[in-house]
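These are the residues of each chain, in order.
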Amino acid sequence: MTETTSAGRQSAMGETPAADKKAWATTGLGVLGALAMTSCCILPLVLVSFGVTGVFIAQLGAFYQYKWITFALSAAFIGYGFYKAYSPIPAEACVDGTCARPMNRTLMRSILWIASGIVAVAMIFPYLTPYILSY
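Computed from a predicted model, the values in this text were never measured in an experiment. (Residues numbered from 1 in each chain as written. Predicted model: local features only at pLDDT ≥ 70, side-chain atom pairs only at ≥ 80, totals over all residues. Heavy atoms only, no water.)

**A few points about the packing of aromatic side chains**
Cut-off, in case you're wondering: For this analysis, a ring pair means two rings from Phe, Tyr or Trp (six-membered ring only for Trp) whose centres lie within 6.5 Å, classed as stacked if their planes differ by under 30 degrees, edge-to-face if by over 60, and tilted for the remaining angles. Helix and strand assignments come from DSSP, with helices taken as H or I runs of at least 4 residues and strands as E runs of at least 2, each series counted from the N terminus. Counted as over-ring charges are cases with an Arg CZ or a Lys NZ within 6 Å of the ring centre that also lie within 35 degrees of the ring normal.
A complete count under the given rule lists four aromatic pairs for this structure. With 5.9 Å between their ring centres and 85 degrees between their planes, Trp-68 and Phe-71 make a pair best called edge-to-face. With Trp-68 and Phe-71 both in helix α4 (residues 67-86), this residue pair falls three residues apart, about one helical turn. These aromatic residues form a ring-pair network of at least three members: Phe-82, Tyr-86 and Trp-113. One Lys or Arg, Arg-109, reaches over the ring of Tyr-86 and ends 4.3 Å from the middle of that ring.

**Quick word on helix α5 (residues 105-133)**
Since the α-helix advances by 3.6 residues per turn, residues separated by three or four positions end up pointing in the same direction. The condition is simple: Each helix should span, by expectation, one fewer than its residue count multiplied by 1.5 Å. Burial here depends on accessible area, computed with a 1.4 Å probe over protein chains only, as a share of the maximum for the residue type. Under 20% is buried, over 50% is exposed, and the range in between is partly exposed.
Here α5 contains 29 residues, and its C-alpha end-to-end distance of 39 Å stays within 8% of the 42 Å for a straight helix at 1.5 Å per residue. Regarding α5, the residues found buried are Arg-105, Met-108, Leu-112, Ala-115, Val-119, Ala-122, Met-123, Phe-125 and Pro-126.

**Topic: the environment of Gly-33**
Looking at the secondary structure, you find Gly-33 in helix α1 (residues 17-37). Here Gly-33 falls in the buried class, since its relative accessible area comes to 12%. Spatially, the C-alpha atoms of Gly-33 and Phe-71 are 7.4 Å apart, while their sequence positions differ by 38 residues.

**Some thoughts on the UniProt feature "transmembrane region" (unreviewed entry) in the protein**
Rules: UniProt positions are given in the numbering used here, feature names are shortened, and annotations may be inferred rather than shown by experiment.
The sites that UniProt annotates as "transmembrane region" (unreviewed entry) are residues 31-58, 64-83 and 111-133. Helix makes up 85% of residues 64-83 and strand 0%, whereas the separation of the span's terminal C-alpha atoms amounts to 29 Å. In residues 111-133, the share of helix is 100% and the share of strand is 0%. The end C-alpha atoms are 30 Å apart.

And the structure:
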């Protein structure tokens, strides 16, 4: 698949600056999805640990019914982010110098792995809470 950039140059597999921005946007959406996953279970505990109190903390439990929706969205964004972060850049894309300053894939991969860990903890946390609170 070949795309033409605004300068008239072509790059393979969509590895243009716009594709880099799309990959970073997807990574950001994955992180936001991971944070949304924590809103029902982990976020209230963290807020109380930091001394934040109020009625709104109890209301965050209402987000528990949307856990599977936020999980599906988070998994989709994180999955697409991993696809963009780990897909190889073909050599033909860099022939004309368009890859002179490639995106920082190491940072993107690190962020995606952290977001994946947060989503995994948020999914497991309601099942571990009774064991944690029994001590």
